Amino acid sequence: MNQNLTTDRQTFVTHLECSITGERYEADQLHGLSRAGRPLLVRYDLDAVRSAVSRDTIEARPTDLWRWRELLPVRHTSNIVSLGEIETPLVPLTKSGGPNVLVKDEGRLPTGSFKARGLVMAVAMAKELGVTKIAMPTNGNAGAALAAYATRCGIETIVFCPDDTPEINVREIAMQGARVWRVNGLIDDCGAIVGKGAAEGRWFDFSTLKEPYRIEGKKTMGLELAAQFGWKLPDAIFYPTGGGTGLIGMWKAFDELETLGWIGSERPKMFAVQASGCAPIVRAFEAGEEHAERWEDASTVAAGIRVPKAVGDFLILRAVRESGGQALAVGDPAILKAVDAAAKQDGLLLCPEGGATLAAYHQALNTGLVDEDDKVVLFNCATGLKYPMPEAPQALDRTRPIDFDAL
Ligand SMILES: *Cc1c(COP(=O)(O)O)cnc(C)c1O
């Protein structure tokens, strides 16, 4: 265990708050959605945080997720269940992106995706609050992260995924100790099963944003970016948006950092990137709506962002609008072309959702939403190694003469 985690401590959480009505909820109790059916946001005593810790103190600590502990909800470090949550690197994508394009490569986190950030926090809080059984709908990566962390601390898990979820995800979920079921429907159909079981008291519902602590884990992406950019944020962030936890979390992080006086009031333009085969947020953004209707017949190669209906839709839309950014849709051919370009030209293997952000960046460049001088961060949210690749079938018979010129 890293030296950040050696002493037990109290945190600075004061209460939780309904994201739509502002209604107050007590800390240290188990909560799902608010009474209004919307996500709860965790609130901290930021004045006390400011007196307790400085930017310099944080920078002197090891560069992992737990260096931010004063801004995280876990009360007792003994409840932290860690698999080694590193700060992820910013990798330049000079050729397929441009001179000012950096990829935040989240594929290097435990279980190979940034779902680890959210689930490490949510599982620690579930443990702290005495939960023994958790169920979740997933398109793959969230289920894998849940299975890993919950198994590690002895919490039972049942995971439901659409029956066309990538095979590797279904198997890693099972391998890491969860009971996993393939369901003939989409993620919100799986969510309905989880909700029904939760209403019957069978398990705790871990659907995206239906428990309050995943956002806090995902918030660390925004905290890390601030530190990595020397406490000035980039000009634009392209985020592949399904449930939107990361975008909402980063936006919350920036506000908390500004209140602490650690960054100024400037914000990046936030671009919520979706696939044209499932773009409810883009449709709502363009129509000027506050909420997004369910997208029917959702389909895209980027499974992680195939989310027809997001419970935090209004939080995503609010952040994008306040930031002066946009919601952008890109087609599957553009996504696959971007994955190919990043791998072939820059040697960086992106997941399809990461490819979507690269495709959206070029779209934004062409339409003047950003320019080449803007410092841009693209999120690659999972390792490209989890996804199918084109075959490489060439073989060599070493017992025959070899045509070296043809190799
Ligand atoms: C879950 C997931 C997303 C979407 O993340 P949200 O924060 O839920 O919008 C994007 N890419 C990958 C690879 C994912 O697993």
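For the structure, check the block above.
About the thresholds
Residues numbered from 1 in each chain as written. Predicted model: local features only at pLDDT ≥ 70, side-chain atom pairs only at ≥ 80, totals over all residues. Heavy atoms only, no water. Helix = DSSP H or I, 4+ residues; strand = E, 2+ residues; numbered from the N terminus. Rg over C-alpha atoms; globule rule 2.2 N^0.38 Å. Buried < 20%, exposed > 50% of the residue type's maximum accessible area, 1.4 Å probe, protein only. Areas by Shrake-Rupley, 256 points an atom, 1.4 Å probe, with all protein chains shown as cover. Lys, Arg positive; Asp, Glu negative; His and termini not counted. Charge placed at Lys NZ, Arg CZ, Asp CG, Glu CD. Phe/Tyr/Trp six-rings, centres within 6.5 Å; stacked < 30°, edge-to-face > 60°. Lys NZ or Arg CZ within 6 Å of the ring centre and 35° of its normal. Pairing = 2+ DSSP bridges. Axes fitted to C-alpha atoms, helices over the stretch in contact; angles between N-to-C directions. Polar contact = N/O pair within 3.5 Å; in protein donor to acceptor, adjacent residues only side chain to side chain. Contact = heavy atoms within 4.5 Å. Near = heavy atom within 4 Å. Nonpolar A, V, L, I, M, F, W, Y, C, P; charged D, E, K, R; others polar. Parallel < 35°, antiparallel > 145°, perpendicular 65-115°, else oblique. Left-handed = near helix turned anticlockwise from the far one by under 90°.

Examining the overall build of the protein chain
- A count of helical and extended segments in the protein chain gives 13 helices and 13 strands.
- Its C-alpha atoms give the protein chain a radius of gyration of 21 Å, within 12% of the compact-globule value 22 Å for 407 residues.
- C-alpha atoms of the protein chain, sized along the principal axes, occupy 75 × 50 × 45 Å.
- Relative to its 407 residues, the protein chain shows a buried fraction of 57%.
- Accessible surface computed for the protein chain: about 16800 Å², of which carbon and sulfur atoms make up 50%.
- A gap of 4 Å separates the mean positions of the 44 positive and 53 negative side-chain charges of the protein chain.

Focus: the packing of aromatic side chains
- With the rule as written, the count across this model stands at 9 aromatic pairs.
- With centroids separated by 6.0 Å and ring planes inclined at 45 degrees, the aromatic side chains of Phe114 and Tyr239 adopt a geometry described as tilted. Note that Phe114 is positioned in the loop between β5 (101–105) and α3 (115–128) and Tyr239 in strand β10 (residues 236–240), a separation of 125 residues in sequence.
- Taking the centre distance of 5.9 Å and the plane angle of 70 degrees together, the rings of Phe204 and Phe206 count as edge-to-face.
- Pairwise contacts between aromatic rings join Trp68, Trp231 and Trp262 into one cluster.
- One Lys or Arg, Lys218, reaches over the ring of Phe114 and ends 3.9 Å from the middle of that ring.

As for the sheet that holds strand β2 (residues 24–26)
- Spatial strand order, β2-β1-β3: 3 strands in an open sheet with antiparallel pairing. Strands with a single pairing partner mark the edges of an open sheet, and in this sheet they are β2 and β3 (40–44). On average, each strand axis in the sheet is inclined to that of its neighbour by 35 degrees, with strand direction left out of account.
- Strand direction decides the pairing type here: strand β1 (residues 13–18) and β3, joined by 5 bridges, are antiparallel. Across the sheet, His15 pairs through a bridge with Arg43, a residue of β3.

Section: the side chain of Glu211
- Residue placement: Glu211 occurs in the loop between β9 (204–205) and α7 (214–218).
- At a separation of 3.0 Å, a polar atom in the side chain of Glu211 contacts the main-chain amide nitrogen of Tyr213.
- Within polar-contact distance, the side chain of Glu211 engages the backbone nitrogen of Arg214 at 2.8 Å.
- Look past the residues within four positions of Glu211 in its chain and what remains in contact with it is His31, Ala122, Phe204, Asp205 and Phe206.

Remarks on the pairing of β1
- Where β1 and β2 come together, 3 bridges link them in antiparallel fashion. Pairing of Leu16 across the sheet is with Tyr25, part of β2.
- Linkage of β1 to β2, two consecutive antiparallel strands, is achieved through a turn of 5 residues, within which Gly22 is found at a positive phi near 80 degrees.

Re the sheet that holds strand β6 (residues 133–137)
- Here 4 strands make up an open sheet; going across it, the order is β8-β7-β6-β9 and the pairing parallel. The outermost strands of the open sheet, each flanked by one partner alone, are β8 (179–183) and β9.
- As defined by bridge partners, β6 adjoins strand β7 (residues 156–162) across 5 bridges and the pair is classed as parallel. Counterpart to Pro137 in the pairing with β7 is Phe160.
- Sheet strands in contact with helix α4 (residues 141–152) are β6 and β7, and its direction is about 170 degrees off that of β7.

Regarding the site of the ligand
- As a structural note, the neighbourhood of the ligand is formed by 18 residues, with Lys115, Asn141, Tyr239, Gly242 and Gly244 the closest of them.
- A distance of 2.7 Å is found between an oxygen atom of the ligand and a backbone nitrogen or oxygen belonging to Gly242.
- For the ligand, whose unbound accessible area comes to 380 Å², protein coverage reaches 96%.
- Here the shell around the ligand is built from residues that sort into 7 nonpolar, 8 polar and 3 charged.

Quick notes on the packing of helix α10 (residues 280–287) against helix α11 (residues 313–323)
- At a minimum axis separation of 10 Å, α10 and α11 run at an interaxial angle of 55 degrees. Between α10 and α11, the crossing angle belongs to the class labelled oblique. The element α10 and its partner α11 pack so that their crossing is right-handed. For the pair formed by α10 and α11, the contact residues are Ile281, Ala284 and Phe285 on the first element and Asp313, Ile316, Leu317, Val320 and Arg321 on the second.
- In terms of residue class, the contact of α10 with α11 is built from 6 nonpolar, no polar and 2 charged.

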